[in-house]
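Breakdown of the fold
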Amino acid sequence: MFKMDTDEDLMLERRSRYIEQLVQKDPAIHKQFVFDEQELITEEDEARDPLREDEFTPVRGLVHKYPNRALLLLTAQCATYCRFCTRKRIVSHVERGRIRKEEVDQWKSYLTEHTEIRDAIMSGGDPLFVSTELFSYVIDTLAGIDSLKVIRLGTRVPVTDPMLVSDKKLEILKRLPQTLYVGLNFEHPLEITPEVREAVKKLQSIGGILYSQSVFLKDVNDDYDTLYELFTTLFEIGVRPYYIYRCDPVEGISHFRVDLEKEREIMTRLRSSLSGLACPTYVIDTPYGSGKIPVPLKYWDCGVEHYRDFDGTEHDII
Ligand code: SF4
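Below is a short write-up of the structure.

Conventions we followed
Residues numbered from 1 in each chain as written. Predicted model: local features only at pLDDT ≥ 70, side-chain atom pairs only at ≥ 80, totals over all residues. Heavy atoms only, no water. Helix = DSSP H or I, 4+ residues; strand = E, 2+ residues; numbered from the N terminus. Buried < 20%, exposed > 50% of the residue type's maximum accessible area, 1.4 Å probe, protein only. Lys, Arg positive; Asp, Glu negative; His and termini not counted. Salt bridge = Lys/Arg side-chain N within 4 Å of Asp/Glu carboxyl O. Contact = heavy atoms within 4.5 Å. Near = heavy atom within 4 Å. Nonpolar A, V, L, I, M, F, W, Y, C, P; charged D, E, K, R; others polar. Polar contact = N/O pair within 3.5 Å; in protein donor to acceptor, adjacent residues only side chain to side chain.

This brings us to the side chain of aspartate 161. Mapped onto the elements, aspartate 161 comes out in the loop between helix H6 (157-160) and helix H7 (167-173). The side chain of aspartate 161 sits in the buried core without any salt bridge; arginine 14 is the nearest counter-charge, 7.7 Å away. Dropping the residues within four chain positions of it, aspartate 161 is found in contact with Ser16, Tyr18 and Ala79.

Quick look at the structure:
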């Protein structure tokens, strides 16, 4: 897809002015965005592309892994780089990650031929970080594909640089005739600042249905109180907590990985104290790309050393 990185690319840092201020305020935010030498350590069973997205890329920038949905990678850039990013291998390089209009036209041909795809997920990098011109071209292209019923915008810009949720981009999004879902990544309650609340309101004002995704991260959010506060506040501002993931086995992020039993303990407590609407599903995104598998909580007596993915293949826990 986008040409592979070097170790130097993987070490690259980028922080918006906005996030720089938050980084100075709290170690949980600092760890998410500031390079650490432990990123140079690769553990056994880790991979650069554990979800095997590169193998499911029929057209540059379009990932088609599940029959009824496709991922569209509009760019390899983000407002701020997260140190635990699953797409570290592609995120950061301006030229190699640039999508051109001709490639968007190729997406259109592919999506028009594959009418089984009803849900297109704009991702990246960060789709709200592309030029207004390209963003507008992509939206108008997707708006014209009748078989697409749902468009999703997966973005962390409202959290990492909320001022980039511009009126121009909101106006463009309003042109979509399809149902619009907006997926936001939140890892810690301190990320929900007045500026972020404002960006959330703007996305809601254009009819976006908002949901959140989070990742268990050691020394960032691996305790009950932090996640209780995060999910409760998201629920209150109209962002439905959707998934919390076990950290993917990506090279160089083992220092973020939390003990599985600790995660299960926290999620079991959260499930009993949060409203169902405020409690996300706790999943493992299967290495090798065969589905998001719910992890059993401690209400059931069952072994959790292995699990089967959507294809029936058995995996060990990493
Ligand atoms: S915003 Fe998303 S794609 Fe960009 S670095 Fe963070 S996790 Fe990766």
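Turning next to the site of the ligand. Close contacts around the ligand come from Cys78, Thr80, Tyr81, Cys82, Cys85, Val91, Gly125 and Arg156, and that covers them all. Its residues placed into classes, the shell around the ligand shows five nonpolar, two polar and one charged.

Let us look at the pattern of salt bridges. Pairing between side chains of opposite charge can happen when their charged atoms approach one another. Scanning the model with the defined rule gives 19 salt bridges in all. In this structure, the salt-bridge partner of lysine 31 is aspartate 219, at a minimum N-O distance of 3.7 Å. Of this pair, lysine 31 sits in helix H3 (residues 27-33) while aspartate 219 sits in the loop between strand S6 (209-215) and helix H9 (224-236), and the two are 188 residues apart along the sequence. A salt bridge links glutamate 265 to lysine 298, with the shortest nitrogen-to-oxygen separation between them at 3.5 Å. Residue glutamate 265 is located in helix H10 (residues 260-273), and its partner lysine 298 is located in the loop between strand S9 (292-294) and strand S10 (306-308); the two are separated by 33 residues in the primary sequence. The exposure class of lysine 298 is partly exposed, given its relative accessible area of 35%. Connected via shared salt-bridge partners are Arg60, Arg100, Glu102 and Glu103.

Among the structural elements, arginine 257 can be located in the loop between strand S7 (240-245) and H10. A polar side-chain atom of arginine 257 sits 3.2 Å from a polar atom in the side chain of glutamate 46. Dropping the residues within four chain positions of it, arginine 257 is found in contact with Glu46, Lys218, Arg246, Cys247, Asp248, Pro249, Val250 and Ile318.

This paragraph deals with the environment of threonine 141. By secondary structure assignment, the location of threonine 141 is in helix H5 (residues 132-143). In this structure the C-alpha to C-alpha distance between threonine 141 and aspartate 105, which are 36 residues apart in sequence, comes to 7.8 Å. Among the polar contacts listed, one links the side chain of threonine 141 to the backbone oxygen of tyrosine 137, at a separation of 2.7 Å.

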